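Geometric and topological summary
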Amino acid sequence: MNLLSIFNQVEISHYIYLSTVLFSIGLFGVLFRRNAIILLMCIELMLNAVNLLFTAFSTYMGDADGQIFVFFIMVVAAAEAAVGLAILVLVYRNTRKTDVSFLDQLKG
Amino acid sequence: MLALISLNAKSGPNFITMFQNLPIPFLILSFLTILSSLYVVTSKNPVHSVLALIFTFFTISAHYVLLNAQFLAVVNLIVYAGAIMVLFLFVLMLLNLSKETEPVKSNWWGIAAAITAGSMLLIVTAAFQVTGEAVAKNPVEGIGLVKALGKVLFTRFVVPFELTGILFLAAMVGAVLLGKREKNNAVLIPKEEGGNS
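Predicted model only: the values in this text are computed from it and were never measured. (Residues numbered from 1 in each chain as written. Chains lettered and ligands numbered in written order. Predicted model: local features only at pLDDT ≥ 70, side-chain atom pairs only at ≥ 80, totals over all residues. Heavy atoms only, no water.)

1. Describing the overall build of chain B
Check the secondary structure of chain B and you find eight helices and zero strands. Reading the secondary structure of chain B in the N-to-C direction produces α-α-α-α-α-α-α-α. Across the 197 residues in chain B, those meeting the buried criterion constitute 30%. When contacts within chain B are restricted to residue pairs at least 6 apart in sequence, long-range pairs at least 24 apart make up 58% of them. Per element, the accessible surface of chain B, about 12100 Å² overall, is 73% carbon and sulfur. (Helix = DSSP H or I, 4+ residues; strand = E, 2+ residues; numbered from the N terminus. Buried < 20%, exposed > 50% of the residue type's maximum accessible area, 1.4 Å probe, protein only. Contact = heavy atoms within 4.5 Å. Areas by Shrake-Rupley, 256 points an atom, 1.4 Å probe, with all protein chains shown as cover.)

2. A closer look at the environment of B:T56
Residue placement: B:T56 occurs in helix α4 (residues 46-66). B:T56 sits 23 residues away from B:T33 along the chain, and the two C-alpha atoms are 5.3 Å apart. Not counting the four nearest positions on each side in its chain, B:T56 is found in contact with A:L45, B:T33, B:S36, B:S37 and B:V40. There is a polar contact of 2.7 Å between the side chain of B:T56 and the backbone oxygen of B:A52. (Polar contact = N/O pair within 3.5 Å; in protein donor to acceptor, adjacent residues only side chain to side chain.)

3. Topic: the confidence of the model for chain B
Should the pLDDT be low somewhere, the predicted coordinates at that spot are not to be read in detail. Residue and element names in this part refer to chain B. Confidence along chain B averages 81 in pLDDT terms, with 75% of residues attaining 70 or more. Here helix α1 (residues 2-10) stands out as the least confident element of chain B, with mean pLDDT 50; α4 is the most confident, with 93. Overall, residues 191-197 carries pLDDT values under 50, and its contacts beyond four positions in sequence, including any with other chains, amount to seven contacts. (pLDDT = per-residue confidence, 0-100.)

4. Topic: the packing of helix α3 (residues 65-95) of chain A against helix α7 (residues 146-153) of chain B
Here α3(A) crosses α7(B) at 80°, and the two axes come no closer than 10 Å. Taken together, the axes of α3(A) and α7(B) are roughly perpendicular relative to one another. Side by side, α3(A) and α7(B) meet where A:D65, A:Q67, A:I68, A:F71 and A:F72 of the first sit next to B:L149, B:V152 and B:L153 of the second. Taken together, the residues of the contact of α3(A) with α7(B) sort by class into six nonpolar, one polar and one charged. (Axes fitted to C-alpha atoms, helices over the stretch in contact; angles between N-to-C directions. Parallel < 35°, antiparallel > 145°, perpendicular 65-115°, else oblique. Nonpolar A, V, L, I, M, F, W, Y, C, P; charged D, E, K, R; others polar.)

5. Comments concerning α4(B)
The α-helix advances 3.6 residues per turn, and as a result positions three or four apart in sequence lie on the same side. Residue and element names in this part refer to chain B. The terminal C-alpha atoms of α4 lie 30 Å apart, and with 21 residues this matches the ideal 30 Å at 1.5 Å per residue to within 8%. For α4, a buried count of 15 out of 21 residues is recorded, marking the element as mostly surrounded by other parts of the structure. Between the side-chain oxygen of the N-cap and the backbone nitrogen of V47 there are 3.2 Å, and the N-cap of α4 in question is N45. Of the residues flanking the end of α4, it is N68, one or two places downstream, whose phi is positive at about 65°. (Expected span 1.5 Å × (residues − 1).)

6. Remarks on the confidence of the model for chain A
Residues at a pLDDT of 70 or more form 92% of chain A, whose mean pLDDT is 86. Ranking the elements of chain A by mean pLDDT puts α3(A) last, at 90, and helix α2 (residues 36-61) of chain A first, at 92.

7. Examining the environment of A:Y15
Residue and element names in this part refer to chain A. When you line up the elements, Y15 lands in helix α1 (residues 12-32). Take Y15: its relative accessible area is 0%, and that puts it in the buried class. It is 8.9 Å that separates the C-alpha atoms of Y15 and F57, two residues lying 42 residues apart in sequence.

8. What about the interface of chain A and chain B?
On the side of chain B, 93 residues touch chain A, which itself brings 81 residues to the contact. A combined buried area of about 8400 Å² lies between chain A and chain B, and 74% of that area is made up of carbon and sulfur atoms. In terms of surface lost to chain B, no three residues of chain A exceed A:Y17, A:R93 and A:R96, which account for 9% of the buried area on that side. Linking chain A with chain B are one salt bridge, by the criterion used here. Its salt-bridge partner being B:R156, residue A:D65 comes within 2.9 Å of it at the nearest N-O pair. The interface formed by chain A and chain B contains eight residue pairs in polar contact (both at pLDDT 80 or more). (Buried area = accessible area lost by both parts, 1.4 Å probe. Salt bridge = Lys/Arg side-chain N within 4 Å of Asp/Glu carboxyl O.)

9. Some thoughts on the packing of aromatic side chains
Going through the model one piece at a time under the given rule, you end up with 11 aromatic pairs over all chains. For the pair A:F28 and A:F32, a centre-to-centre distance of 5.3 Å together with 20° between the ring planes defines the contact as stacked. Of the two residues, A:F28 and A:F32 both sit in helix α1, four residues apart, roughly one turn of that helix. Classification of A:F32 as partly exposed rests on a relative accessible area of 26%. Connected via pairs of aromatic rings, a cluster forms that spans A:F54, A:F69, A:F71, A:F72, B:F71 and B:F157. (Phe/Tyr/Trp six-rings, centres within 6.5 Å; stacked < 30°, edge-to-face > 60°.)

Here it is as structure tokens:
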């Protein structure tokens with residue numbers, strides 16, 4: 001049964017607002033911070049906001065597809081974190097810093 | 001755009017009454033989620049950021065429990081809080097970045113980022129207020145349990161599931177290849193700290 005009978009009290013709009021706020025905070029972090037690790041963390045935050053909204057819609061509509069999508073997003077986020085952190089370690093090994101503003105020196 | 005803003009302002013009194021009928025656990029959880037995610041963004045110390053992000057993931061898992069998505073709640077804890085954040089913390093400790101090393105950005109940059117994120121928030125909220133409630137409530141029992149999700153995952157989504165394995169293999173090979181040390185690595189900055197990491 002529903003833990004709190006949440007359907008009677010919380011509308012889907014509240015979850016939409018919450019997810020939008022979370023996504024905006026993550027967007028602000030990506031734009032504002034320079035440390036590449038914090039940037040990756042803010043991307044995870046944005047992905048989690050989307051996950052929360054997917055789950056909310058899935059539960060409210062009674063359709064399990066949304067939760068499967070959350071599952072796939074988690075998989076992609078894990079792969080992204082692994083490769084991103086590997087690149088970050090490589091950048092740190094070459095430049096001794098993780099500042100993304102330093103990376104405008106990259107040449108193709 | 002102005003019409004959207006005025007529409008948003010028009011629903012001002014609605015906005016306060018919107019919070020009155022909400023259950024207390026939902027309010028507390030949402031408050032904690034937003035607060036800790038703000039701390040992730042604003043904290044100077046990266047280790048504090050990581051710990052705050054772990055706390056954010058815990059609260060989001062609690063939201064999943066409230067939403068009757070029990071499997072996702074457990075997987076979120078295991079994958080995000082357990083694996084990904086430990087990876088972040090490990091890299092942070094490995095690179096010895098736990099102190100404040102970030103140069104201060106100018107105020108203009110912060111203002112521009114705040115305006116961008118705020119207008120994103122405003123536009124999505126206003127767009128939702130225009131479209132309104134389009135979702136019919138159709139709760140189904142046990143939709144978030146392993147049995148129901150497994151049935152969907154291994155019938156309709158079996159091809160994406162297999163492709164996920166290929167993606168993971170590629171990511172694993174890529175991470176190992178990137179992490180492997182090359183012999184005579186050209187260092188952009190002459191090493192004055194001594195030692196090669």
